[in-house]
Amino acid sequence: MDELPIRTGDDVVRVRQQVRVVAAKTGLSLVDQTKVVTAASELARNALVHGGGGLARVEVVTSALGKSGVRIGFTDEGPGIADVDLALTDGWSSGVGLGLGLSGARRLVDEFDLTSKPGSGTSVVVVKWSR
Amino acid sequence: MDRVPILKIGTTLFVSIQIDLQDESVVRLQEDLADELAATGARGVIIDITAVEIVDSFIGRMLAMIGSISRLFDAETVLVGMRPAVAITLTELGLSLRGVRTALNAEKGLELLNGRA
């Protein structure tokens, strides 16, 4: 498992590159690699911009049926999200963006698990399985 | 932070993105292009993204803004060379890149600009 800090824009690029390497090794198709790398980019940026920085963990996982996939966990110790359902709505934005980052990232992966409480940071775990 | 170079050929500005774009680089490109459009009076901008492996919502929004900004300088922006996997991902992400024209490659992008009345 690789742990990568997210403190600068360069770190976001490094998370993307690492997810790409692991996704390719896992046997994801080029389109699925692109989707999971794009989702990782959104979530890493969120951790940086909204969470004040955080950590990404990238690992290979195997399903009960023997399929392999890439799992990425993002954690930050930022202010957290007061209304998770609202934050996951297309077009809802806390700032200057289009509000597609979080909701878009969810569409691009197979599993998406977000835990957040105001004041105690945010954790997002996503999985993309090979087909 | 890496910067993306801008080439002027005739009345067209050419940008070929060959780096792994971080947010600051794409914001810088937007500013550099606006400066360049104002200074040169170029009528068109071609942005080649053949080498770009992902376009996420931030990069996509910045590219769409470059299209809007160039229109304020009476110039048209054409995005060329998008990879199929990027096109599929952008659509699923929900980004339509309204305001930016697209062409298959730089040559077709140039034809599009030259065909402009």
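One can find the structure itself at the top, above this paragraph.
Our subject in this report is the structure included herewith.

All right, on to the overall build of chain B then. For chain B, the helix and strand inventory stands at four helices and five strands. Reading the secondary structure of chain B in the N-to-C direction produces β-β-α-β-α-β-α-β-α. Viewed in the frame of its principal axes, chain B has a C-alpha envelope of about 35 × 30 × 20 Å. Taking the intrachain contacts of chain B between residues at least 6 apart in sequence as the baseline, contacts between residues at least 24 apart amount to 71%. Side-chain charges in chain B split into 11 positive and 16 negative, and the spacing between the mean points of these groups amounts to 8 Å.

Before going further, it helps to spend a moment on the pairing of strand β4 (residues 76–80) of chain B. All names here are of chain B. In terms of residue burial, β4 counts as a mostly covered element, since five of its five residues are buried. Of the two faces of β4, both are covered, the one formed by Glu-76, Val-78 and Val-80 as well as the one formed by Thr-77 and Leu-79. One ladder, built from five bridges, connects strand β3 (residues 44–48) with β4; its direction is parallel. What sits directly across from Ile-46, in β4, is Val-78. Considered for its hand, the β-α-β crossover made up of β3, helix α2 (residues 57–72) and β4 is right-handed.

Right, let's get into the interface of chain B and chain A. Facing the 21 residues of chain B at the interface are 24 residues of chain A. Here chain B packs against chain A, burying approximately 1,900 Å² in sum over the two surfaces, 55% of which is carbon and sulfur. Summed over the three residues of chain B that lose the most area to chain A, namely B:Ile54, B:Glu92 and B:Leu93, the buried surface amounts to 29% of that side. The shortest N-O distance in the salt bridge between A:Arg45 and B:Asp23 comes to 2.6 Å. Here chain B is connected to chain A by eleven residue pairs in polar contact (both at pLDDT 80 or more). For the side of chain B that touches chain A, the secondary structure elements donating two or more residues are α1 (23–40), α2 and α3 (84–93) of chain B. A class-by-class count of the residues in the side of chain B that touches chain A yields ten nonpolar, four polar and seven charged.

Residue and element names in this part refer to chain B. Taken together, the five strands give an open sheet; going across it, the order is β1-β2-β3-β4-β5, and neighbouring strands pair in mixed fashion. Of all the strands in the sheet, the pair left with one neighbour each is β1 (6–9) and β5 (101–103). The average undirected angle you get between the axes of adjacent strands in this sheet is 25°. Sheet topology places strand β2 (residues 12–16) next to β3; five bridges connect them, and they run parallel. Within β3, the position partnered with Phe-14 by the bridge is Ile-46. Helix-sheet contacts for α2 involve β3 and β4, and the interaxial angle to β4 is about 150°.

Residues and elements named next belong to chain A. The antiparallel open sheet is built from five strands, whose spatial order is β1-β2-β3-β5-β4. Of all strands in the sheet, those with a lone pairing partner are β1 (2–6) and β4 (111–116), marking the two edges. Strand-to-strand, the axes of this sheet are offset by a mean angle of 15°, without reference to chain direction. As paired elements, β1 and strand β2 (residues 54–62) share five bridges and run antiparallel to each other. Paired with Asp-2 across the two strands is Val-58, which belongs to β2. The strands touched by helix α2 (residues 30–49) within the sheet are β1, β2, β3 (68–76), β4 and β5 (122–129), with β3 carrying the most contacts at an inclination of about 10°.

So, about the nonpolar core. The biggest cluster of nonpolar side chains holds 33 residues, and the ones touching the most others in it are A:Ile72, A:Phe74 and A:Phe112. Counting residues per element, the ones that place at least two in this core are β1, α1 (9–26), α2, β2, β3, α4 (101–108), β4 and β5 of chain A. Ignoring sequence-local partners within four residues, the contact set of A:Phe74 consists of A:Ile6, A:Val15, A:Ala40, A:Leu43, A:Ala44, A:Leu55, A:Ala56, A:Thr122, A:Ser123 and A:Val124. If you look at the next biggest cluster of nonpolar residues, it comprises 29 residues, including B:Val4, B:Val26, B:Ile47 and B:Val52.

Right, let's talk about the side chain of A:Arg45 for a bit. Position of A:Arg45 among the secondary structure elements: in helix α2. Judged by relative accessible area, A:Arg45 falls into the buried class, the value being 8%. Excluding residues within four positions of it along the chain, A:Arg45 makes contact with A:Val12, A:His50, B:Asp23, B:Asp56 and B:Phe58.

Thresholds, definitions, all that
Residues numbered from 1 in each chain as written. Chains lettered and ligands numbered in written order. Predicted model: local features only at pLDDT ≥ 70, side-chain atom pairs only at ≥ 80, totals over all residues. Heavy atoms only, no water. Helix = DSSP H or I, 4+ residues; strand = E, 2+ residues; numbered from the N terminus. Contact = heavy atoms within 4.5 Å. Lys, Arg positive; Asp, Glu negative; His and termini not counted. Charge placed at Lys NZ, Arg CZ, Asp CG, Glu CD. Buried < 20%, exposed > 50% of the residue type's maximum accessible area, 1.4 Å probe, protein only. Pairing = 2+ DSSP bridges. Right-handed = clockwise from strand over helix to strand, strands pointing away. Buried area = accessible area lost by both parts, 1.4 Å probe. Salt bridge = Lys/Arg side-chain N within 4 Å of Asp/Glu carboxyl O. Polar contact = N/O pair within 3.5 Å; in protein donor to acceptor, adjacent residues only side chain to side chain. Nonpolar A, V, L, I, M, F, W, Y, C, P; charged D, E, K, R; others polar. Axes fitted to C-alpha atoms, helices over the stretch in contact; angles between N-to-C directions. Core = buried A, V, L, I, M, F, W, Y, C linked by side-chain atoms within 4.5 Å.

Treat this as a map of the structure, not an account of what it does.
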